[in-house]
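Residues per chain, in single letters:
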Amino acid sequence: MSTAPAPRPGAAPLPGAVPAEGDAFRGDCPGRTVLDHVTSRWGVLILASLRAGPLRFYELRDHIGGISEKMLSQNLRVLGRDGLVDREVEPVVPPKVSYALTPLGAELAVPLQSLVDWIATRTPDIVTAQRCHDAGAGEH
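A brief look at the structure comes next. Quantities reported herein were computed from a predicted structural model and do not represent experimental measurements.

As for the overall build of the chain
Secondary structure summary: the chain contains 5 helices and 3 strands in total. Put simply, the chain runs from its N terminus to its C terminus through helices and strands in the order α-α-β-α-α-β-β-α. Scored against the burial criterion, the 140 residues of the chain give a buried share of 24%. Put simply, 38% of the contacts in the chain that link residues at least 6 apart link residues at least 24 apart. For the chain, the accessible area works out to roughly 9,700 Å², and carbon and sulfur atoms hold 59% of it.

Here's what the structure looks like:
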């Protein structure tokens, strides 16, 4: 076991060091890819939408205004690969496909829903700050 000090967050790993799997501040952390997936606009909205329970593709699409079928499909595949969303196909004609959160996805959806709620509550304040900044009042 090495007694060398750990590099500061974001610094290149020491020679021979094993990458820290969960340190998203490190450039070589695979968690950064997951961070990109779940914090994208569509990732957050898909995961938050599925908190209430399984939805069929068209229900999910209609619930998330502005998402194209292509973007929804791509994001569902990525979130499924990440182990956050399950795809269930019922063997009927035509096939009935629904999407639901996995236990891992359900755990993640809780803080994401808090983020969505915070944004909904604070958007007026943020819009006001943006207007002030754009008018030149935001300069210090």
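Digging into the nonpolar core
Core analysis: the largest hydrophobic core is formed by 20 residues, its most contacted members being Ile46, Leu47, Leu50, Leu60, Leu76, Leu79 and Val85. Elements that contribute at least two residues to this core include exactly helix H2 (41-49), helix H4 (69-81), strand S3 (96-101) and helix H5 (103-134). Setting aside its immediate chain neighbours within four residues, Leu60 contacts Ile46, Ser49, Leu50, Leu55, Leu72 and Leu76.

Some points on the pairing of S3
With 2 bridges connecting them, strand S1 (residues 55-56) and S3 associate as antiparallel partners. Bridging from a neighbouring strand, Arg56 pairs with Ser98 of S3. Alignment of strand S2 (residues 85-90) against S3, held across 6 bridges, turns out to be antiparallel. Each bridged residue has a counterpart across the sheet, and for Val89 the counterpart in S3 is Val97. Between S2 and the antiparallel strand that follows it, S3, lie 5 residues.

Considering the sheet that holds S1
One open sheet holds the 3 strands; their spatial order is S1-S3-S2, and the pairing between them is antiparallel. Two strands close off the open sheet at either side, each with one partner strand: S1 and S2.

Remarks on the pattern of salt bridges
Following the criterion strictly, the structure yields 4 salt bridges and no others. Across the pair Asp125 and Arg122 runs a salt bridge, and its minimum N-O distance is 3.2 Å. One end of the pair, Asp125, and the other, Arg122, are both in helix H5, 3 residues apart, so they sit about a helical turn from each other. Of the residues examined, Arg122 reaches a relative accessible area of 38% and is grouped as partly exposed. Through salt bridges with shared partners, one network takes in Arg61, Asp62 and Glu69.

Rules behind the numbers
Residues numbered from 1 in each chain as written. Predicted model: local features only at pLDDT ≥ 70, side-chain atom pairs only at ≥ 80, totals over all residues. Heavy atoms only, no water. Helix = DSSP H or I, 4+ residues; strand = E, 2+ residues; numbered from the N terminus. Buried < 20%, exposed > 50% of the residue type's maximum accessible area, 1.4 Å probe, protein only. Contact = heavy atoms within 4.5 Å. Areas by Shrake-Rupley, 256 points an atom, 1.4 Å probe, with all protein chains shown as cover. Core = buried A, V, L, I, M, F, W, Y, C linked by side-chain atoms within 4.5 Å. Pairing = 2+ DSSP bridges. Salt bridge = Lys/Arg side-chain N within 4 Å of Asp/Glu carboxyl O.

The quantities given are spatial measurements derived from coordinates; they are silent on function.
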